[in-house]
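One letter stands for each residue in the lines below.
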Amino acid sequence: MNLQIMNVTKEFKDKKAVDKVNLTLAPGVWGLLGANGAGKTTLMRMITDIMSPSSGVIKYNGKDIKKLGKLYREILGFLPQEFGCSSDFSVVDYLEYVAAYKGIEKKVARKKIAELLDILTLSDVKKKKIVKLSGGMRRRVGIAQAMLNNPEILILDEPTAGLDPGERIRFRNFISEFSQDRIVLISTHIVSDIEYISTQNAIMKGGKIVDVGTTEELVKQIEGKVWSALIPAKEVAVFERKLRIINQKNEPNGMVSIRYLSSNSEVDNSVNEEPRLEDLYLWLFPEAAYEREVK
Ligand SMILES: Nc1ncnc2c1ncn2[C@@H]1O[C@H](COP(=O)(O)OP(=O)(O)O)[C@@H](O)[C@H]1O
Ligand SMILES: [Mg+2]
């Protein structure tokens, strides 16, 4: 099974949101990483056939998805970024409604819904109206509706937005299990959410895929550029101005341990650290460090 994105471009009036993207997705969990505005949502909307490319084609097992139509939609699950579902339905009524709409047999749907409510820890609120749920719960209802038809291809646009730390961990475990023999594509700008579950990552910037690979492969380019060092707390501000600090932690005796990115060691006692995907992301998107801080 594969999904080929071939030379896909999407132009809006004065904006090239997706620019000649070539990417072949094989079964596994794919992280689609990029800052806000990179083009992730636009690319996903084309992959799900909600939007047509300005040029280029997308093929599922060698066949143009435009020609597959309904057959393609049957094997597809999608959580849109803006999934809010402000309906007056209860959780279970809503999922039954979506299942009916997707043409899933009632008995099969009931069983599947119970299973998903359980995995996504929504059983306790299944009778509650969706409008009354918290953001994280609503997001999980969105994930459930995307998975009702046991999709071979599951596209999740920012699925972890609004989830609390516990919900994030459960989400990761559940996606890892689900992804056997399926293509799962997850967009995020929160690297840690996919770092440990993605089999491959595609990094998007300015409408282009700038890098593709496993986490191990990708972080190779910043090997030797991630450092940790101990500095006096009163000098943090000075170092902050000249170093790209990823992390800092207070230590005893008025010292602070920092993790920073630099081609060369910039502090005497620096030690090289094992690079992580988040380090690479901040290396490629320096502005993201600021975004993360203000969150
Ligand atoms: N319908 C649209 N009309 C015009 N510009 C759009 C439209 N949708 C997205 N864009 C622009 O395309 C770029 C990529 O947006 P988007 O795909 O939402 O990125 P991301 O999901 O990575 O944040 C942004 O500059 C955005 O403003
Ligand atoms: Mg988006």
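Residues numbered from 1 in each chain as written. Chains lettered and ligands numbered in written order. Predicted model: local features only at pLDDT ≥ 70, side-chain atom pairs only at ≥ 80, totals over all residues. Heavy atoms only, no water.

1. Some thoughts on the sheet that holds strand S14 (residues 271-272)
To keep things clear, this is the line we draw: Strands are labelled as partners when DSSP assigns at least two bridges between them. Helix numbering and strand numbering both begin at the N terminus, where a helix is a DSSP run of H or I of at least 4 residues and a strand a DSSP run of E of at least 2.
Reading across the sheet, the four strands line up as S12-S13-S11-S14 and stay open at both edges, with antiparallel pairing between neighbours. The sheet terminates laterally at strand S12 (244-251) and S14, the two strands that pair on one side only. Here seven bridges tie S12 to strand S13 (residues 255-261), and the two strands are oriented antiparallel to one another. Paired with Asn-247 across the bridge in S13 is Arg-259.

2. So, the packing of aromatic side chains
Note the threshold: Any Phe, Tyr or Trp ring, taking Trp's six-membered ring, that has another such ring centre within 6.5 Å forms a pair; planes under 30 degrees apart are called stacked, those over 60 apart edge-to-face, and the others tilted. Burial here depends on accessible area, computed with a 1.4 Å probe over protein chains only, as a share of the maximum for the residue type. Under 20% is buried, over 50% is exposed, and the range in between is partly exposed.
With the rule as written, the count across this model stands at five aromatic pairs. Arranged with centres 6.0 Å apart and planes meeting at 55°, the rings of Tyr-60 and Tyr-72 form a pair that is tilted. Linking Tyr-60 in strand S4 (residues 55-60) with Tyr-72 in helix H3 (residues 70-74), this pair joins segments that are twelve residues apart in sequence. Judged on exposure class, the residue Tyr-60 and its partner Tyr-72 are both buried. In this structure an aromatic cluster arises from ring pairing among Phe-83, Phe-89, Tyr-94 and Tyr-97.

3. With respect to unusual backbone geometry
Both trends apply: most residues other than glycine have a negative phi, and most peptide bonds are in trans. Residue Asn-7 is not a glycine yet carries a positive backbone phi of 55°. For Asn-7, the position within the fold is in strand S1 (residues 3-12). One non-glycine residue with positive phi stands out, namely Asn-61, at about 45°. For Asn-61, the position within the fold is in the loop between S4 and strand S5 (63-64).

4. Here's the deal with the environment of Lys-128
Selection criterion: Contacts were defined at the residue level, with two residues in contact if any of their heavy atoms lie within 4.5 Å.
Secondary-structure assignment places Lys-128 in the loop between helix H5 (106-119) and helix H6 (135-147). It is 9.6 Å that separates the C-alpha atoms of Lys-128 and Asp-88, two residues lying 40 residues apart in sequence. Every residue in contact with Lys-128, bar those within four places of it in the chain, is listed here: Phe-89, Ser-90, Val-91 and Leu-133.

5. Some words on the pairing of S13
With respect to burial, S13 is a largely interior element, five of its seven residues being buried. Both strand S11 (residues 226-232) and S13 contribute to a ladder of seven bridges, which runs antiparallel. In the strand pairing of S13, Pro-232 is matched with Met-255. Between S12 and the antiparallel strand that follows it, S13, lie three residues; Asn-253 among them carries a positive phi value of about 60°.

6. Quick look at the site of ligand 1
What counts is decided by this rule: Put simply, a residue is near a molecule or strand once any heavy atom of it comes within 4 Å of that molecule or strand. Polar contacts here mean pairs of N or O atoms no more than 3.5 Å apart (in protein, one a potential hydrogen donor and the other a potential acceptor; neighbouring residues in sequence count only if both atoms are side-chain atoms). Residue burial considers only the protein chains on display, and all accessible areas are found by Shrake-Rupley using a 1.4 Å probe.
Every residue lining ligand 1 is accounted for by Phe-12, Lys-15, Ala-17, Ala-35, Asn-36, Gly-37, Ala-38, Gly-39, Lys-40, Thr-41 and Thr-42. The contact in question runs from an oxygen atom of ligand 1 to an N or O atom on the backbone of Gly-39, over 2.9 Å. Between Thr-41 and ligand 1, the recorded distance is 2.8 Å, taken from a side-chain N or O atom to an oxygen atom. Relative to its free-state accessible area of 560 Å², ligand 1 is covered by the protein chains to the extent of 62%. Breaking the shell around ligand 1 down by element, the ones donating at least two residues are strand S2 (15-25) and helix H1 (40-47).

7. Details of the domain arrangement of the chain
In many analyses, interface size is given as the accessible surface area lost on bringing the parts together. Which entries qualify depends on this criterion: Either an automatic procedure or a domain database provided the assignment from which the domain bounds are taken. Two parts placed together each lose some accessible area; with a 1.4 Å probe, that loss summed over both constitutes the buried area. Take a side-chain nitrogen of Lys or Arg and a carboxyl oxygen of Asp or Glu: if they are within 4 Å of each other, that pair is a salt bridge. Gly is put with the polar residues, along with every residue not named as nonpolar or charged; the nonpolar set is Ala, Val, Leu, Ile, Met, Phe, Trp, Tyr, Cys and Pro, and the charged set is Asp, Glu, Lys and Arg.
Looking at the assigned domains, one finds that the chain contains domain 1 (3-219) and domain 2 (220-294). On a C-alpha basis, the centroid separation for the pair domain 1 and domain 2 is 33 Å. The partner domain 2 presents 13 residues to the 19 residues of domain 1 that form the contact. When domain 1 packs against domain 2, the two sides together hide about 1,400 Å² of surface, and 59% of this comes from carbon and sulfur. For the pair domain 1 and domain 2, the number of links is one salt bridge. Our enumeration of links across domain 1 and domain 2 arrives at 13 residue pairs in polar contact (both at pLDDT 80 or more). For the side of domain 1 that touches domain 2, the secondary-structure elements that each account for two or more residues are helix H8 (192-195), strand S9 (200-205) and helix H9 (215-219). Looking at the side of domain 1 that touches domain 2, its residues break down into nine nonpolar, five polar and five charged.

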